[in-house]
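Observations on chain architecture
The chain contents come next:
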Amino acid sequence: MIYVANWKMNGDKGLCESYKRHLMNVIVCPPYPLIHHFQNSALTVGAQNCSQYYKGSYTGEVSAEMLKDSGCSYVIVGHSERRAFETEAVVLEKARRVIEAGMTPIICSAELMDIDLDPKSYMIAYEPVWAIGTGKTPKPSEIFLMVNAFKMRTECETVLYGGSVNSKNADSLRDACDGFLIGGASLDVMEMQNIIR
Ligand code: PEP
């Protein structure tokens, strides 16, 4: 089971220290300026986004290469909170930059999509928009159906579920997917421990 913690625009040095002290087997995705706190730690680090470009005059953007150099192994791309700014083509372009830099993209999508990449080179996170941050989740059987539909469509072997996962519903959702992308609940270390347990 894979656990990805998406801190979004939250967290601080204290939360980084707490993660390092109390958690294992989590892919932690803090905001860019906090990534360095995880250098030389046992935790795997991911970023929440990257540029579709290699380098250049793109003020405020961060390239996949830079994230790799900062110690990241994963990058979330296409999160629904960013989809307003980017098309599916841009999301796939970002995924390509991530793979070229030697990392694994976690491609978020609420809908089935075609992905013209080597299915072994990425993970998918099925995230119904209405379930993100709302406390509502689909039924486990519905998640199971979508996860398998993603697998059939793309041949990707690892499909996570994301949307209001917490310590109360984790057990019922666990068997429906290969892992969780956890937003709000990931800001509480004890809650994360309980989800993983
Ligand atoms: C997310 O940010 O991808 C997410 C699933 O958030 P939450 O767990 O808060 O619904």
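Scope of this entry: the structure provided in the associated data block. (Residues numbered from 1 in each chain as written. Predicted model: local features only at pLDDT ≥ 70, side-chain atom pairs only at ≥ 80, totals over all residues. Heavy atoms only, no water.)

Moving on, we get to helix α1 (residues 13-22). Listed in full, the buried residues belonging to α1 are L15, C16, S18 and Y19. On an axial view of α1, the arc spanned by its buried residues comes to 165 degrees, and they lie on one face. The exposed residues of α1 that point more than 90 degrees off its buried face are K13 and R21. Those residues of α1 that are buried are in contact with β1 (2-6), β2 (27-29) and α6 (189-196). Regarding α1, its N-cap is D12, as a side-chain oxygen of that residue lies 3.1 Å from the backbone nitrogen of G14 further along. (Buried < 20%, exposed > 50% of the residue type's maximum accessible area, 1.4 Å probe, protein only. Helix = DSSP H or I, 4+ residues; strand = E, 2+ residues; numbered from the N terminus. Arc of directions from axis to C-beta. Contact = heavy atoms within 4.5 Å. Polar contact = N/O pair within 3.5 Å; in protein donor to acceptor, adjacent residues only side chain to side chain.)

The subject of this paragraph is the packing of aromatic side chains. Counted by the stated rule, this structure contains 6 aromatic pairs. With 4.1 Å between their ring centres and 10 degrees between their planes, Y53 and Y58 make a pair best called stacked. By way of ring pairs, the aromatic residues W7, Y19 and F38 are connected into one cluster. (Phe/Tyr/Trp six-rings, centres within 6.5 Å; stacked < 30°, edge-to-face > 60°.)

With that settled, consider the site of the ligand. Lining the immediate environment of the ligand, one finds 14 residues, of which K8, H79, E127, G133 and S164 sit closest. In this structure, G133 approaches the ligand through a main-chain N or O atom, which is 2.6 Å from an oxygen atom. In the model, an oxygen atom of the ligand is placed 2.8 Å from a nitrogen or oxygen of the G183 main chain. Considering the ligand on its own, with 290 Å² of exposed area, one finds that the protein chains cover 96% of that surface. Each residue belonging to the shell around the ligand can be placed in one class, and the counts come to 4 nonpolar, 8 polar and 2 charged. (Near = heavy atom within 4 Å. Areas by Shrake-Rupley, 256 points an atom, 1.4 Å probe, with all protein chains shown as cover. Nonpolar A, V, L, I, M, F, W, Y, C, P; charged D, E, K, R; others polar.)

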